[in-house]
Protein chains: 2
Amino acid sequence: MARKKEYKEEEVIEKAMDLFWRNGYESTSVRMLEKEMGINQFSIYSSFGNKKGVFLKSLNCYKKKAKLELIDKLKNSSDGIESIKQYFYDFINFSKDIQLNKGCLITNTVNELGEKADKEIISEILNFAASVKKVFIQKLESNSLKTTKTINKQANYLMISLQGLSVASKMFDQEQLNDFIESTFKNL
Amino acid sequence: MARKKEYKEEEVIEKAMDLFWRNGYESTSVRMLEKEMGINQFSIYSSFGNKKGVFLKSLNCYKKKAKLELIDKLKNSSDGIESIKQYFYDFINFSKDIQLNKGCLITNTVNELGEKADKEIISEILNFAASVKKVFIQKLESNSLKTTKTINKQANYLMISLQGLSVASKMFDQEQLNDFIESTFKNL
DNA sequence: AATATAACTAAGCGTATGCTTAGTATTAAT
DNA sequence: ATTAATACTAAGCATACGCTTAGTTATATT
């Protein structure tokens, strides 16, 4: 009985995600989203409720993209720790911007909103972090005699290292990033 | 011939710095600064020119505070690498907020503004990073046979590790932060 | 005491923010 | 063809933004 949507929600959310990724949550206005997504504000609000709704869907889109382009490769690799190292290098390319990098959307969000972030947003963030850590643990377990405790410690270490890489890639040159990655994996 | 200022610029900037530290640059409005600094917008603009001016002075204030409360202790310590490790633990306390942490103001700014930050702001950031790295290098040099190249690599590693700690302290618990610090210094 | 200078107050500038709503166009079932 | 339901356009809502300005108050010099 009703008119058809002239856009696919998944497609416009990918564009919204790009904008949030580049600019952060607060600095991305609904007018900017309107232009980038190519749809009117009415459509944005009828499809996603509010700005936070667009952001939550964008976080989800980011997770899918990261899974396809980064995490699945890591999962399917059989090089153990070496494959995690490769994941670090892959991440740099994954987050490449015009000149430097735009970091990891999840890390950017933690850094911008911190503990005063919305509950749903925090939940998405913790959920994503947990899923990455899980894969790290899998890789650390392969060909290893390490205890569960050691593996958990090392996974925590890698998670935080990755956040350092995310921030640093926005300002530091490739050589410094390489130094960091090489040192990070020296003793694992 | 003229009336006296009813505030000291250094004192009100410290309050502005606190606000920027907690909320970031964009999310801190001039109205918020007005309230926190305890002076009228006219006074803000006549003393500091514009919002960016307040921020630049705030960055400078942060640098002084970090020097006094963190860096000088590191400089005066003679424990070599162990003193850098202590610096990492000290940083966590330095950046303590109500519940979790507010990170490092410099790292927060890099993460928020990235490469599209104002030139003067970028310059302040790089300058601060260079001064910290310099102290790290000094400590790495003490009681060590490492080559200059190795020391530089390790300093780069520590700088980026610290940024990871800054972000992670906003969301992760103390145990995970401890794991991270302990693992970080196993690689040196 | 009069005066020039600068610091104050508070109202207001134009624009941008997140979000809504009145009115119109398009669809699929009757 | 009529109708009901939904998607569209575009104008507008109240509020907040960074910043300015007209008018007043306090000060050190004359």
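Whatever comes next refers back to the structure up there.
Residues numbered from 1 in each chain as written. Chains lettered and ligands numbered in written order. Predicted model: local features only at pLDDT ≥ 70, side-chain atom pairs only at ≥ 80, totals over all residues.

1. Here we look at the relation of the copies chain A and chain B
Each copy of the sequence occupies a distinct position, and chain A is placed on chain B by a rotation of 180° and an axial shift of 0.0 Å, giving an RMSD of 0.2 Å. Both copies are brought into coincidence by an operation consistent with a two-fold rotation axis. For chain A, the smallest separation between a C-alpha atom and the rotation axis is recorded for G164 of chain A, amounting to 1.7 Å. In this assembly the copies share their binding face: 97% of the residues contributing to the interface of chain A also contribute to that of chain B. (Least-squares fit on C-alpha atoms with pLDDT ≥ 70 in both. Contact = placed C-beta atoms within 7 Å.)

2. As for the protein's contact with DNA strand D
In the vicinity of DNA strand D there are 23 residues, among which A2, R3, E6 and F42 of chain A together with S29 of chain B approach most closely. Going through the elements one at a time, α3 (41–48) of chain A together with α2 (30–37) and α3 (41–48) of chain B are the ones with two or more residues in the surface near DNA strand D. Broken down by element, the residue count for the surface near DNA strand D peaks at four residues, all from α3 of chain A. Of the residues that constitute the surface near DNA strand D, the class distribution is nine nonpolar, seven polar and seven charged. (Near = placed C-beta within 6 Å. Helix = DSSP H or I, 4+ residues; strand = E, 2+ residues; numbered from the N terminus. Nonpolar A, V, L, I, M, F, W, Y, C, P; charged D, E, K, R; others polar.)

3. Overview of the protein's contact with DNA strand C
Close to DNA strand C lie 23 residues, the nearest being R3 and S29 of chain A together with A2, E6 and F42 of chain B. When residues of the surface near DNA strand C are traced back to their parent elements, those giving at least two are α2 (30–37) and α3 of chain A together with α3 of chain B. Residue contributions to the surface near DNA strand C peak at four residues, all from α3 of chain B. Among the residues forming the surface near DNA strand C, the class breakdown is nine nonpolar, seven polar and seven charged.

4. Focus: the interface of chain A and chain B
Across the boundary between the two partners, chain A contributes 34 residues, which contact 33 residues of chain B. Secondary-structure elements contributing two or more residues to the side of chain A that touches chain B are α6 (105–113), α8 (148–168) and α9 (174–184) of chain A. When residues in the side of chain A that touches chain B are grouped by element, the largest group, eleven residues, is from α8 of chain A. Residue composition of the side of chain A that touches chain B, grouped by class: nine nonpolar, 17 polar and eight charged.

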